[in-house]
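# Analysis of the macromolecular model
Below are the chains, spelled out letter by letter.
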Amino acid sequence: MALLVVTVTWGLIRIAPGTFYDSEKKLPPAIEANIKKKYGLDKPWYTQYFIMLGNVTCRTMAEDETTINGLQFNVGSSRVKCFDFGDSLKYEGQSVNEIIRRHLPYSAIIGIIAYLLALVVGGAAGLLAALRQNSIYDYGSMALAMLGLSVPNFVLGPILVLVFALGLYLVPAARWGGVLNLILPVVTLSAIYAAYIARLTRAGMLEVMRSDYIRTARAKGLNETTVLLKHALRGGIIPVVSFTGPALAALLAGTVVVERIFSIPGLGNIFIQSVLNRDEPLTLGIVAFLSVLVMLLNLIVDISYGFLDPRIRYE
Amino acid sequence: MLKELSCPKCGAPVTLENERQKLVLCSFCNATSAVDFEDREHPRLTLEESGVIDSVQRIKGASLWGDAWKRLLKNRLAVLGLVVLAVMFFLVTVGPAIFTGITGLTADYIPADGNLLKSFPPSMRHPMGTDEAGRDIFARVLQGGRISLAVGIISTIVSLIVGVSYGAVAGYLGGSIDNVMMRIVDIIYAIPYILVVIVLLSVFGGPNTQVLIQWLPSIIVGIIVGVAAMLAAFWLYRRLFGEMTARNLVERLLRFVVGVLVAVAVFALIGAASYLVGETGIGTSLAERYSDRVNLGLSQIFLLFFALGLVSWLTMARVVRGQILSLKNQEFVLAAKATGVSTFGIIFKHLVPNALGPVIVYSTLTVPSVMLSEAFLSYLGLGVQAPYASWGSLAADGVKNIAIFPWQLIFPGVTMALTLFSLNFLGDGLRDALDPQTRKF
């Protein structure tokens, strides 16, 4: 599946006119031929494709090969190398894997904190709205959630900067640094997910609270807190869990914007740059890496259904 | 006066026993027949004419859509959303013309006076201020709204067409076809689509549209051949195996092999056809002839329509499939089948219209999400490009000058947020109105 994504991306990049060595000046044919030879671009396209595919998946290493890109395993007597995307074309001498490893932590930290924040804030707001249905809390939090859904994050981010950084001098406006620097990006990124999660939690909880097993739990004489936390919450957050899959994909897009607004050297920024620079190995590497990541997390989400709702069974 | 009547069956004369009689029995052939004559002295009156229900209100049958409309009107937020959207739509379509009419300026309002080439804050003359090129932001917002709304609506229509056909076919045919089709959807769902859209737009967008023109004949022929080959393959498969279920392992294996072979053949045919068309050089000559005349900004927008439409059909396909699954075992489908309606006819004439409610609801909710994606792409510089503007690209321009000219961001941003807000409220209201069972209490 990931291979499919890689193939499509590779095809798209190949079709595109223009190459990474394009510049204002036209290169002499001899130099162009040399560049092509160095990167193997002089071979026919299907050979290039299979070389790429071999590097991306697994191949046995040559005896004299010393550069360490990708993961290496020892299978029998021969060494096998996997996930090798080669060197970046724009940042010379740096391997794709190195670049990903270096820039991933920034995006990951912001993404994870933002999602947790969204989970806590959205979940609390949704729970409050569901328990005090049709009260001022309900309408208030739902209106806020709707607002969160409707304001694009690249509008919200700069406005937050304007108010809290440039107006009130409370937090730094941009760049990576201490904990204070994290506040604005994380809030910007989490707003839309908090809104989604609040709506999903409210809907899910309202439905669950009317179901038979909650009535049974109450009839058994359990106190309200136990009913709520041990029984209702488990069923009520299933919609939230299934939202995690799409949310992850959207989180990627969100980080791209947030990294750009707050000048954070994360993976999203690097990805956009690589696409615009026609830095094929880097684009491929990032697409493949993120696809695999999202698919893995989706798998975890699917498995976790079984724990949350005992009625769901897999054959 | 009583009419002379004859039995319609045998022609024997019959007599009526009283004036109000409605049926007569022919004594000759024993057949009962209805009496049809006009009694001038005692005309039959309708209920209103006779005054029986004079003061009683006439009850009108409630239709699904009428009911839904009433429920929607009760939802104040949804009505508000509808009104805001209507006003926005009006302003965006007719607004620029009115603006030009009143001020006598072009829609962009580019000043001849060099002193105006700086960004002014909102004033009476420029309700939203001007940007640093001296253009009136209100005018730009109206112009940008056209493109933003167009992208939202047209991409949704693209996703509607693809999603509804795909979901309906999968849901109705069921079985292994459904299985394969929905697994494909699952797979695409797991792909972080925004990455693919970014790559797609940066590859074909901007000055690279030539490639698209060059490939256009191949793509069109490929699609036509593909659809034809798939229909043929489907027919062939039916012809070979009928609708019987496989009896043993060998038969199942045989079917599997034939299915794979047919699929490979279809793809090979598509590839060959596209390749042959590419070899004829039509595309290249087209590109040579027209590449100067292509409006790059506009073609970028068309690309956006398709790129966004083609990634947002997945949920639509799932929604439609679910609806079709619950509808397809009902009696009206059986009746249609019994009267010999074709599979295609059953799907698109009987099933799809009945699944329309959720489809409408879901499309109303797709529009804002597509508009958000468009704004996001424009913000990254991959979407709508100058001289065209959308709310997203205007806001993106505004972000650059946020500290000095905040109005450049705030007005397009707020307009967009207001529209999305209304669309979301309308979508929620429609869901409650059309689908009361899933109502969120």
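Because the structure is a prediction, the values reported are computed rather than measured.

Quick notes on the rules
Along each chain, numbering runs from 1 in the same order as the chain's sequence is written. Starting at A for chains and at 1 for ligands, labels are handed out in the order in which the entities are written. Selection of residues for local features in this predicted model requires a pLDDT of at least 70, selection of side-chain atom pairs for listing and counting requires 80 or more, and totals for whole chains, interfaces and linings are taken over all residues. In this description a helix means any DSSP run of H or I spanning at least four residues, a strand means any run of E spanning at least two, and both kinds are numbered starting from the N terminus. Three exposure classes are used. Buried residues have 20 or more other C-beta atoms within 10 Å of their own C-beta, exposed residues have 12 or fewer, and partly exposed residues fall in between, all C-beta atoms being placed from the backbone. In this description, a residue-residue contact is defined by the distance between C-beta atoms placed from the backbone, which must lie within 7 Å. Note on scores: pLDDT gives the predictor's confidence for each residue, bounded by 0 and 100. Each residue after the first adds 1.5 Å to the expected span of a helix. Note on bend: the value at a residue is the angle between axes fitted to the seven residues ending there and to the seven starting there. Buried Ala, Val, Leu, Ile, Met, Phe, Trp, Tyr and Cys residues whose C-beta atoms connect them within 7 Å together make up a nonpolar core. The angle between two axes is taken between their N-to-C directions and runs from 0 to 180 degrees, where each axis is a line fitted to C-alpha atoms and a helix contributes only its stretch in contact. Roughly parallel covers angles under 35 degrees, roughly antiparallel covers those over 145, roughly perpendicular covers 65 to 115, and oblique covers all other angles. Left-handed is the label given to a crossing in which the near helix is rotated counterclockwise from the far helix by less than a right angle, and right-handed is the label when the rotation is clockwise.

## Here we look at the overall build of chain B
Assigned secondary structure in chain B consists of 16 helices and four strands. Out of the 441 residues in chain B, the part that is buried amounts to 33%. Considering only residue pairs separated by 6 or more positions, chain B has 69% of its internal contacts joining residues 24 or more positions apart.

## What to know about the overall build of chain A
Helix and strand content of chain A: twelve helices and three strands. Counting all 315 residues of chain A, 39% fall into the buried class.

## Some remarks on the confidence of the model for chain A
When pLDDT is averaged along chain A, the result is 73; 65% of the residues meet or exceed 70. Mean pLDDT values over the elements of chain A span from 56, in strand 2 (residues 71–75) of chain A, up to 83, in helix 4 (residues 96–131) of chain A.

## A closer look at helix 4 of chain A
Because each turn of an α-helix spans 3.6 residues, side chains separated by three or four positions end up pointing in the same direction. When the terminal C-alpha atoms of helix 4 of chain A are compared, their 50 Å separation across 36 residues agrees well with the 52 Å that a helix rising 1.5 Å per residue should span. The largest bend along helix 4 of chain A measures about 35° and falls at Leu104 of chain A, with the proline Pro105 of chain A one to four residues further on.

## Examining the confidence of the model for chain B
Low pLDDT marks stretches whose predicted atomic positions should not be read closely. On average, chain B scores 73 in pLDDT, and the residues at 70 or more come to 69%. Reported confidence for the predicted complex is 0.71 by ipTM and 0.71 by pTM.

## Here's the deal with helix 11 (residues 267–277) of chain A
Residues and elements named next belong to chain A. Counting buried residues along helix 11, eight of its eleven residues qualify, which places the element largely inside the surrounding structure. Residues of helix 11 that are buried: Leu267, Gly268, Asn269, Ile270, Phe271, Ile272, Ser274 and Val275. A positive phi of about 60° marks Arg278, the residue just after helix 11.

## Some details on the nonpolar core
Judged by nonpolar contacts, the single largest core of 139 residues is most densely connected at Ile197 of chain A together with Ala168, Leu201 and Ala395 of chain B. Tallying contributions element by element places helix 7 (residues 179–209) of chain A first for this core, with 17 residues. Ignoring sequence-local partners within four residues, the contact set of Leu201 of chain B consists of Leu303, Ala307, Leu377 and Leu382 of chain B.

## Topic: the packing of helix 11 (residues 314–327) of chain B against helix 14 (residues 356–379) of chain B
Residues and elements named next belong to chain B. Relative to each other, helix 11 and helix 14 sit at 165°, their axes nearing to 9 Å. As the angle between them shows, helix 11 and helix 14 are arranged roughly antiparallel. In the crossing of helix 11 with helix 14, the sense of the turn from one axis to the other is right-handed. Between helix 11 and helix 14, the residues in contact are Thr315, Met316, Val319, Val320 and Gln323 and Pro358, Val359 and Tyr362, respectively.

## Considerations on the environment of Leu286 of chain B
All names here are of chain B. Following the sequence through the fold, Leu286 ends up in helix 9 (residues 282–290). Since 16 C-beta atoms lie within 10 Å of it, Leu286 is described here as partly exposed. For the pair Leu286 and Phe267, spaced 19 residues apart in the sequence, the C-alpha separation amounts to 26 Å. Those residues in contact with Leu286, other than ones at most four positions away along the chain, are Ile213, Gln214, Leu216 and Pro217.

## Section: the packing of helix 15 (residues 391–400) of chain B against helix 16 (residues 407–434) of chain B
Residue and element names in this part refer to chain B. In contact at an axis separation of 7 Å, helix 15 and helix 16 are set at 150° when each is read in the N-to-C sense. Judged on the interaxial angle alone, helix 16 and helix 15 are roughly antiparallel. Note on packing geometry: the crossing formed by helix 15 with helix 16 is left-handed. Residues Trp391, Leu394, Ala395, Asp397, Gly398 and Val399 of helix 15 form the contact with helix 16, whose participating residues are Gln408, Leu409, Pro412, Gly413, Thr415 and Met416.

## Quick notes on the environment of Ile161 of chain B
All names here are of chain B. Considering the arrangement of structural elements, one finds Ile161 in helix 4 (residues 137–173). Given 13 C-beta atoms within 10 Å, Ile161 falls into the partly exposed group. Along the chain, Ile161 and Leu173 lie twelve residues apart, while their C-alpha atoms are 18 Å from each other.

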